[in-house]
Amino acid sequence: MSLFKQTNFSFSRRPIIFLISFLFLSTAIASAQVRSVWALGDGEKIFRDDLTHKDKSRNAVWDGKTIRLQGLFNEVLAFQVIVEMGKLPANGIEISASALLNKASGNVIGANTLKYGPGGTIEIFTEHYLLVKDSTRPNWFYGSPASAPKRMTGWIPDALISTDAKPGSGGFPIDIGAGQNQGFWIDVHLPRDQKNFSPGTYQGKVQLWQKGEVIKEIPLEVNLLPQYLPDENEHTVWLFTSGANKYFPGMSGYEVDKMLKFEGHRHRIDVTG
């Protein structure tokens, strides 16, 4: 009787062991498709085929393991996460950023969706790539040919696409081709409320997902400084928006202008046109 129970138990374990092995193998295969995940600030364009960029291992916001930023109350910080594929493509890819917690005070940044609210929030975008085959040299803009970017052709990151856009057009989930980079842009709107939010280090994480499973997790730290960034612009950055209405056929001209001026003000840009 004892032998029968032992034998029966052994047979019953096999499906469980097989299932665990299958799940482990599936996760390993998904992770193998992604060769590298790294981060950098908002001042650099990473081409789709640039798999050996000099900032990949370390840069101003990335030490190879953790993303670290710092900013003022009422400031918008931004960083990029680059997902680099190996020899195989991947589909069903998404990325998320958790709310940021200050363990000392219990304050949380990004716990709501109100972009211009007192508590701050987090937005994520997919980077769209534009193929430039033959660039021009606009000397009226650069001043001289020597000041132009060294590389001006190829698959260049251009527009930022909202993650709730149509799948296949930049919305989640997305597919990434073999041997390619895919960039994601993350805006962190820091709190405006100095009374109820304390300065200090806020911690969270960025997660890479494939078909509903987390395949990579990166720590994110934001140091909120005690100073406040005024609403008034201290420098001149103009954004000419004439002709933008055709991209928003469901909105009136007044609604489009209001939306663009709202975004411009939040990012310290004077919207004209």
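What you are looking at is a predicted structure, and each value in this text was computed from that prediction instead of being measured. What you see as residue numbers is a count from 1 along each chain, following the sequence as written. Given that the model is predicted, a residue must reach a pLDDT of at least 70 before its local features are reported, and side-chain atom pairs must reach 80 or more before they are shown or counted; all residues, however, enter totals for whole chains, interfaces and linings. Hydrogens and waters are ignored; side-chain quantities use all the structure's heavy atoms.

**Re unusual backbone geometry**
- Here the amide bond leading from Phe172 into Pro173 is cis, since omega sits at -5 degrees, within 30 degrees of zero.
- The numbering of helices and of strands both runs from the N terminus, where a helix is a DSSP run of H or I of at least 4 residues and a strand a run of E of at least 2. Considering the arrangement of structural elements, one finds Pro173 in the loop between β8 (154–162) and β9 (174–176).
- Although it is not a glycine, Asn74 adopts a positive phi angle of roughly 70 degrees.
- Structurally, Asn74 is set in the loop between β2 (67–73) and β3 (76–85).
- Positive phi, normally seen in glycine, also occurs at Arg268, with a value near 60 degrees.
- Note on placement: Arg268 falls in the loop between α3 (253–266) and β14 (270–272).

**Some remarks on the confidence of the model for the protein chain**
- Per residue, pLDDT measures the predictor's confidence, with a range of 0 to 100. With 84% of its residues at a pLDDT of at least 70, the protein chain reaches an overall mean of 85.
- Taken element by element, the predicted model of the protein chain shows its lowest mean pLDDT in helix α1 (residues 2–33) (47) and its highest in strand β5 (residues 100–101) (98).
- With pLDDT under 50 throughout, residues 1–11 is counted as low confidence; its partners more than four residues away or in other chains account for zero contacts.
- Any two residues whose heavy atoms approach within 4.5 Å are treated as being in contact. Taken together, the stretch residues 18–29 has pLDDT below 50 and engages in zero contacts with residues farther than four places along the chain or on a different chain.

**Things to note about empty space enclosed by the protein**
- In this analysis, the protein atoms alone were mapped onto a 1 Å grid. Cavities are point sets where a 1.4 Å probe fits without being able to get out; pockets are open sets with protein on both sides within 12 Å along at least five of seven lines; lining residues have an atom within 4 Å of a point. Grid points are joined across faces, edges and corners, and a volume is the space filled by probe spheres set on the points. On inspection of all chains with the given rule, the structure shows one cavity of 30 Å³ or more.
- Empty space within the largest cavity amounts to approximately 30 Å³.
- Around the largest cavity, the lining residues are Val37, Val81, Ile95, Val206, Gln207, Leu208, Lys216 and Ile218.
- Looking at the lining of the largest cavity, the elements with two or more residues in it are β11 (200–210) and β12 (213–228).
- Considering each element in turn, the lining of the largest cavity owes the most residues, three residues, to β11.
- In this count, Pro and Cys sit with the nonpolar residues alongside Ala, Val, Leu, Ile, Met, Phe, Trp and Tyr, while Asp, Glu, Lys and Arg are called charged and the others, Gly among them, polar. Each residue belonging to the lining of the largest cavity can be placed in one class, and the counts come to six nonpolar, one polar and one charged.

**Points about the side chain of Asn181**
- Checked against the element boundaries, Asn181 lands in strand β10 (residues 181–189).
- In the analysis that follows, any N or O atom pair within 3.5 Å is treated as a polar contact, provided that within protein one partner can donate a hydrogen and the other can accept it, and provided that, for residues neighboring in sequence, both atoms belong to side chains. Reaching out from Asn181, the side chain makes a polar contact with the backbone oxygen of Phe47 at a distance of 3.1 Å.
- Excluding anything up to four places from it in sequence, Asn181 contacts Ile46, Phe47, Arg48, Asp49, Asp50, Leu51, Ile82, Val83, Glu84 and Tyr129.

**Regarding the sheet that holds β10**
- Strands were regarded as paired on the criterion that DSSP finds at least two bridges between them. On the basis of which strands lie adjacent, the open sheet formed by five strands has the order β1-β3-β10-β7-β8 and antiparallel pairing. Looking along the sheet, the strands with just one partner apiece sit at the ends: β1 (34–40) and β8. Between one strand axis and the next, the sheet turns through 25 degrees on average, direction left out of account.
- Bridge analysis of β3 against β10 gives nine bridges, and the strand direction is antiparallel. Each residue of the ladder has a partner; that of Glu84, found in β10, is Asn181. Here an angle of 0 to 180 degrees is reported between the N-to-C directions of two axes, which are lines fitted to C-alpha atoms, with helices fitted over the stretch in contact.

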